[in-house]
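Residue strings, one per chain:
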Amino acid sequence: MCCKAVPLRGVRITVLVTIKTEDARLGMYVHAVAGGWMTSPFWRRHFVLEKPADLQKLREGGIAEIVIDLSKGAGPAAAPLQPAAAPATAGEDRDVTSPVAEPSAPVRRRRAALTPEERAQAVVDASKVIVQSMFDEVRLGRAIDVQALTPVTEQIVASVTRDAAAMLNVTRLKTKDEYTYVHSIAVAALLIHFARTLNLPEDEVSALGLAGLLHDIGKMAVPKALLDKPGKLEPPEMAVLRHHPEKGHALLSAGGGLPAVALDVCLHHHERYDGRGYPKGLRGEQLSLAARMSSICDVYDAVTSQRPYKRPWSPSEALSRMRSWNGHFDTELLDRFIESIGIHPVGALVRLQSSRLALVIAGDDAEPTQPRVRVFYDIPAQRFIAAHDLTATVTVDPIHRGESGQRWFGERWETLAADILAGQFGPPQQAMSKGVLS
Ligand SMILES: [Fe+2]
């Protein structure tokens, strides 16, 4: 495999990599084929490898190597890049680019030219093409091509592994037309990241990623006009939309070949922990861990997404509001999700580096990991202290981790937190230990 970095005018960098045709995968953007387009079985000069049939055509077309563009599509599997010359056809677009870099230039430096967000965006763009193509096929009544989604899932897993924050940031940006597809990619990325936080085995992490990609496939059975309707839906329209989990489940069941978790997530991602969700109204432990995780990830992405007709909530605001929705989510699991996002919303209990407990009283969207907190408990001394406020910056007293209020203070936590938040907390006069209060 060989590569060339092609700096374009401006900041965007094109990274051309030559790979053996046998290593080609769906989601790659083919920039050129070795031997020139006269021998190519494709009529387009540049294209994304979207369909397994195209992949097969490429492999059977007697083409030894292809040049792919990493800035526009999926990259090769983990193998390290080796500098080498590109095929003659790789320079077709040189009239609009600067000269290619020297073949001997260090590859590591070239790859570093892409920011984490640019790399994540390339994965999202390539994934979006495949997801959209697959969803459109389903809308036309064709079967789901599960095979096509395997490399997409792998790329999202790799991107989350590389830089989860970058991936989660870029998937928040969605245009109206692409909302359903990018939302699916975002939920996949969130589930993958969440599963890693919960230390789930890697095969389950990947299966959850696939489940995220497919969770809203049932929306392809909902009229497009209804999906695209801005603003509030009328009750009859809402009833139609609410059939999408069951429609999706039926589609996935008919196709076969999917892990059970994908069917489970598709059917149950709109259930609520208190049983007031749909379609089955299942509650608590009747819902699998995957279903409870997917409900959190689905809502979090929906409310934090930038959409043309509504102001997105900041991550901190979203997590804070989601914590306040009684009965909607498994609260223990939501706390773990918040931990995975790394942002502590208003009302959350945190342990500071100084081994003191504090309540988050105000967020800072510019510095979401450094909120304003009210310190009230000394852990080593096991006693309450006079409440005082500070900003949890690295130099003052950073947040070590999130804590469970119920675990520390039992049923009294809700009242205690409300008093602290309202500034009405005074340390009890008697012994102020965890044991006394709980
Ligand atoms: Fe949904």
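Owing to the predicted nature of the structure, the values given are computational and were not obtained by experimental measurement.

(A) Representation of the coordination of the iron ion in the model. Donor atoms from the polypeptide that bind the iron ion are Asp-216 (OD), His-244 (NE2), His-269 (NE2) and His-270 (NE2), placed at 2.2 to 2.3 Å. Donor residues for the iron ion, ordered by position in the chain, follow D-x27-H-x24-H-H.

(B) Local environment of the pattern of salt bridges. Using the criterion set out here, one finds 19 salt bridges in the structure. A salt bridge links Arg-323 to Asp-335; its shortest N-O distance comes to 3.7 Å. With Arg-323 in helix 12 (residues 315-324) and Asp-335 in helix 13 (residues 331-341), this pair connects stretches of sequence that are twelve residues apart. The salt bridge involving Arg-374 is made with Asp-389; its shortest N-O contact spans 2.7 Å. One end of the pair, Arg-374, is in strand 8 (residues 372-378); the other, Asp-389, is in strand 9 (residues 383-391), with 15 residues separating them in the sequence. We classify Asp-389 as partly exposed; its relative accessible area is 32%. One connected set of salt bridges, linked through shared partners, spans Asp-125, Lys-128 and Glu-178.

(C) Geometry of the side chain of Ser-340. When you line up the elements, Ser-340 lands in helix 13. Its relative accessible area of 9% is what places Ser-340 among the buried residues. In this structure the side chain of Ser-340 is engaged in a polar contact, spanning 2.7 Å, whose partner is the backbone oxygen of Phe-337. Those residues within four positions of Ser-340 in sequence are excluded, and the remaining contacts are His-193, Phe-194 and Thr-197.

(D) Structural view of the sheet that holds strand 10 (residues 399-403). Spatial strand order, 9-8-7-6-10: five strands in an open sheet with antiparallel pairing. Single-partner strands in this sheet number two, and they are strand 9 and strand 10. Taken over all neighbouring pairs, the strand axes of this sheet differ in orientation by 30° on average, direction set aside. Pairing analysis gives six bridges linking strand 7 (residues 356-362) to strand 8, with the strands arranged antiparallel. Within strand 8, the residue paired with Leu-359 across the bridge is Arg-374. Of the strands in this sheet, strand 6 (349-352), strand 7, strand 8 and strand 9 touch helix 15 (residues 413-421), which is tilted by about 60° from strand 7.

(E) Representation of unusual backbone geometry within the structure. Between Tyr-278 and Pro-279 the backbone carries a cis peptide bond, its omega angle lying at 10°. Residue placement: Pro-279 occurs in the loop between helix 10 (260-268) and helix 11 (289-304). Phi at Ser-355 takes a positive value of approximately 60°, unusual for a residue other than glycine. If you trace the backbone, Ser-355 turns up in the loop between strand 6 and strand 7. Residue class for Ser-355 comes out partly exposed when judged on its relative accessible area of 25%. Located in the positive-phi region is Gln-382, a residue other than glycine, with phi close to 50°. Tracing the chain through its elements places Gln-382 in the loop between strand 8 and strand 9. Judged by relative accessible area, Gln-382 falls into the partly exposed class, the value being 41%.

(F) Looking closely at the layout of surface pockets. The computed volume of the second largest pocket comes to approximately 630 Å³. Residue lining of the second largest pocket: 26 residues in total, with Arg-323, Ser-324, Gln-406, Trp-413 and Glu-414 positioned closest to the centre. Of all the elements in the fold, those that place two or more residues in the lining of the second largest pocket are helix 12, helix 13, helix 14 (405-409) and helix 15. If one sorts the elements of the lining of the second largest pocket by residue count, helix 15 sits on top with five residues. For the lining of the second largest pocket, the residue count by class is eleven nonpolar, nine polar and six charged. Among the domains, domain 2 (117-324) and domain 3 (344-437) are the pair contributing at least three residues each to the lining of the second largest pocket.

(G) View of the pairing of strand 6. Both faces of strand 6 are covered, namely the face carrying Leu-349 and Arg-351 and the face carrying Val-350 and Leu-352. Inspection of the sheet shows strand 6 paired to strand 7 by three bridges, in the antiparallel sense. Paired with Val-350 across the strands is Ala-358, a residue of strand 7. Of the strand pairs in this sheet, strand 6 and strand 10 are connected by four bridges, and their pairing is antiparallel. For Arg-351, the partnering residue across the bridge sits in strand 10 and is Arg-401.

(H) Representation of the environment of Thr-304. The topology assignment puts Thr-304 in helix 11. Taking C-alpha positions, Thr-304 is 10.0 Å from Thr-171, a pair spaced 133 residues apart along the chain. Those residues within four positions of Thr-304 in sequence are excluded, and the remaining contacts are Arg-172, Pro-312, Trp-313, Ser-314, Pro-315 and Ala-318. Within the structure, Thr-304 has its side chain in polar contact with the backbone oxygen of Tyr-300 (distance 2.8 Å).

(I) Seen up close, the environment of Tyr-179. Topologically, Tyr-179 is positioned in helix 5 (residues 179-197). Separated by 49 residues in sequence, Tyr-179 and Asp-228 place their C-alpha atoms 9.4 Å apart.

The rules we used
Residues numbered from 1 in each chain as written. Predicted model: local features only at pLDDT ≥ 70, side-chain atom pairs only at ≥ 80, totals over all residues. Heavy atoms only, no water. Donors = N, O, S within 2.8 Å, 3.2 Å for Na, K, Ca; no water. Salt bridge = Lys/Arg side-chain N within 4 Å of Asp/Glu carboxyl O. Helix = DSSP H or I, 4+ residues; strand = E, 2+ residues; numbered from the N terminus. Buried < 20%, exposed > 50% of the residue type's maximum accessible area, 1.4 Å probe, protein only. Polar contact = N/O pair within 3.5 Å; in protein donor to acceptor, adjacent residues only side chain to side chain. Contact = heavy atoms within 4.5 Å. Pairing = 2+ DSSP bridges. Axes fitted to C-alpha atoms, helices over the stretch in contact; angles between N-to-C directions. 1 Å grid on protein atoms, 1.4 Å probe; cavity = no way out; pocket = protein on both sides within 12 Å on 5 of 7 lines; lining within 4 Å. Points joined across faces, edges and corners; volume = space filled by probe spheres on them. Nonpolar A, V, L, I, M, F, W, Y, C, P; charged D, E, K, R; others polar. Domains from an automatic or database assignment.

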